[in-house]
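Here is what each chain is made of, one letter per residue.
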Amino acid sequence: MSKRTVLTTHDYLINAALPAATETYTVIPHANVIDHTKAMFAKKNFEVVRELYRCNQDARVAQGVYHLNYGNDPDVGLLFAWSNSYDKSMKFKCSIGAYVHESLASIIPGNMGTWGRKHTGTADNESFDTITSQIMDAEQYFADLLQDKERMKNMVVSDRIRAELM
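Attention here is on the structure that accompanies the text. (Residues numbered from 1 in each chain as written. Predicted model: local features only at pLDDT ≥ 70, side-chain atom pairs only at ≥ 80, totals over all residues. Heavy atoms only, no water.)

### Considering the environment of Glu126
Operational definition: Helix and strand definitions here come from DSSP, where helices need a minimum of 4 consecutive H or I residues and strands a minimum of 2 consecutive E residues; each element is numbered from the N-terminal end. Each polar contact in these results corresponds to two N or O atoms within 3.5 Å; when the atoms are within protein, one needs to be able to donate a hydrogen and the other to accept it, and residues that are neighboring in sequence are counted only if both atoms are side-chain atoms.
Its place among the elements puts Glu126 in helix α3 (residues 123–136). Counting along the chain gives 13 residues from Glu126 to Glu139, while the straight-line C-alpha distance between them is 21 Å. Engagement of the side chain of Glu126 in a polar contact is seen with the side chain of Thr122, the distance being 2.5 Å.

Right, dumping it as C-alpha cells:
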C-alpha cells in the first residue's frame, strides 16, 4: 500500500473508477470482492463486527479487513482480510486469520489461508474461488490457530531467545 494510505468507506471503494482490462491485466473490482466476501459471510452465518477499509489516493490500492463474531476465545476473534490494486503495484491477496480483541492487532498465519494472485488471465475467478474456499474453511483455520496459541503459552523460552524474538 502506498505511503498515503487513509481509512475510507465501503462506498468510496465500490465507486472507485475501474482501470481498463488489457491482454496482460485482469481487473478485480473492489466492489466485487466486497460483495462476494459478504455473501460468503452470510452463507456461513458469520456476523461482521467491524469493517475496516484503507486505500491510497483514488483507491488504486485498497484493503478490506473484517472482524467476525465467531468463537468464544477471550483473547482473539476471527478475521478475514484482502488487498487489491488497480495500478499493478501488488497482487490480489486474501487471508483468514485472527485479531486480538484488546488491541485489534491482526494475526495472519503464513501457513493457514494466505493466498496471492497476479492480475492476469482468470485471476478474477480464481480470487473469488479462493475467498469462497477460505471462508468455508474458516472454522478449521481458527481452530488450528487457537491450538497454536495454547501450545505457545506452554513453551519455555530462554532469555536469549526471548531477546532475539523481541
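Back to the write-up after that little detour.
### A short note on the packing of aromatic side chains
Rules: Stacked, tilted and edge-to-face are the three classes applied to pairs of Phe, Tyr and Trp rings, where Trp contributes its six-membered ring and a pair requires centres within 6.5 Å; stacked means planes under 30 degrees apart, edge-to-face means over 60, and tilted covers the rest. For the exposure calls, accessible area comes from a 1.4 Å probe over protein chains only, and a residue counts as buried if that area is under 20% of its type's maximum, exposed if over 50%, partly exposed in between.
Tallying each qualifying case throughout the model produces 5 aromatic pairs. Consider the rings of Phe41 and Tyr66, whose centres lie 5.4 Å apart with planes at 75°: the pair is edge-to-face. Pair noted here: Phe41 is in helix α2 (residues 30–43) and Tyr66 is in strand β3 (residues 61–69), with a separation of 25 residues, a long-range link. Each member of the pair, Phe41 together with Tyr66, is buried. Relative to Phe142, the ring of Tyr70 has its centre 5.6 Å away and its plane inclined at 75°; by these criteria the two rings are edge-to-face. On the criterion of sequence distance, the pair formed by Tyr70 in the loop between β3 and β4 (76–85) and Phe142 in helix α4 (residues 138–153) is long-range, its members being 72 residues apart. Among the residues examined, Phe142 registers a relative accessible area of 3% and is labelled buried. Aromatic ring contacts, followed pair by pair, group Phe41, Tyr53, Tyr66 and Phe80 into a single cluster.

### Structural notes on the packing of α2 against α3
In plain terms, the rule: To define axes, lines are fitted to C-alpha atoms, for helices over the stretch in contact only, and angles between the resulting N-to-C directions are given on a 0 to 180 degree scale. Any angle that falls under 35 degrees is termed roughly parallel, while one over 145 is termed roughly antiparallel, one within 65 to 115 roughly perpendicular, and all others oblique. Rotating anticlockwise by less than a right angle from the far helix to the near helix defines a left-handed crossing, while the corresponding clockwise rotation defines a right-handed one. The contact criterion used is simple: two residues touch if any of their non-hydrogen atoms lie within 4.5 Å. When residue character is reported, Ala, Val, Leu, Ile, Met, Phe, Trp, Tyr, Cys and Pro are called nonpolar, Asp, Glu, Lys and Arg charged, and the others, Gly included, polar.
As a packed pair, α2 and α3 sit with axes 10 Å apart at the nearest point and diverge in direction by 30°. Here α2 is positioned roughly parallel relative to α3, judged by the angle of their axes. The two elements α2 and α3 meet at a crossing, and its hand is right-handed. Touching Asn32, Val33, His36, Thr37, Met40, Phe41 and Lys43 of α2 are Phe128, Ile131, Thr132, Ile135 and Met136, all from α3. Counted by class, the contact of α2 with α3 contains 7 nonpolar, 4 polar and 1 charged residues.

### Section: unusual backbone geometry
Of note in the backbone geometry, Asn45 takes a positive phi value of approximately 60° without being a glycine. Residue position: Asn45 is located in the loop between α2 and β2 (47–55). Look at Asn45 and you get exposed, because its relative accessible area is 70%. Unusually for a residue other than glycine, Asp58 sits at a positive phi of about 65°.

### Observations regarding the packing of α3 against α4
Viewed as axis vectors pointing N to C, α3 and α4 meet at an angle of 55°, and their least axial separation amounts to 4 Å. Taken together, α3 and α4 sit at an angle that is classed as oblique. Of the residues in α4, those touching α3 at Gln134, Ile135 and Met136 are Ala138, Glu139 and Tyr141. A class-by-class count of the residues in the contact of α3 with α4 yields 4 nonpolar, 1 polar and 1 charged.

### Details of the pairing of β4
Convention followed: At least two DSSP bridges between two strands are needed for those strands to be called paired.
Of all 10 residues making up β4, 10 are buried, and the element is well covered by its neighbours. One ladder, built from 8 bridges, connects β3 with β4; its direction is antiparallel. By the bridge assignment for β4, Gly64 is matched with Trp82. In this structure, β4 lies alongside strand β5 (residues 92–100), joined through 8 bridges in antiparallel fashion. In the sheet register, Phe80 faces β5, and the bridge partner there is Ile96.

### Things to note about α2
The criterion, for reference: For a helix, the expected span equals 1.5 Å multiplied by the number of residues minus one.
Compared with the 20 Å implied by 1.5 Å per residue over 14 residues, the 20 Å span of α2 between its first and last C-alpha is a close match. The set of residues buried in α2 consists of His30, Ala31, Val33, Ile34, Thr37, Met40 and Phe41. Turning to α2, the residues buried within the fold contact α1 (10–14), β2, β3, β4, β5 and α3. The first or second residue beyond α2 is Asn45, which carries a positive phi of 60°.

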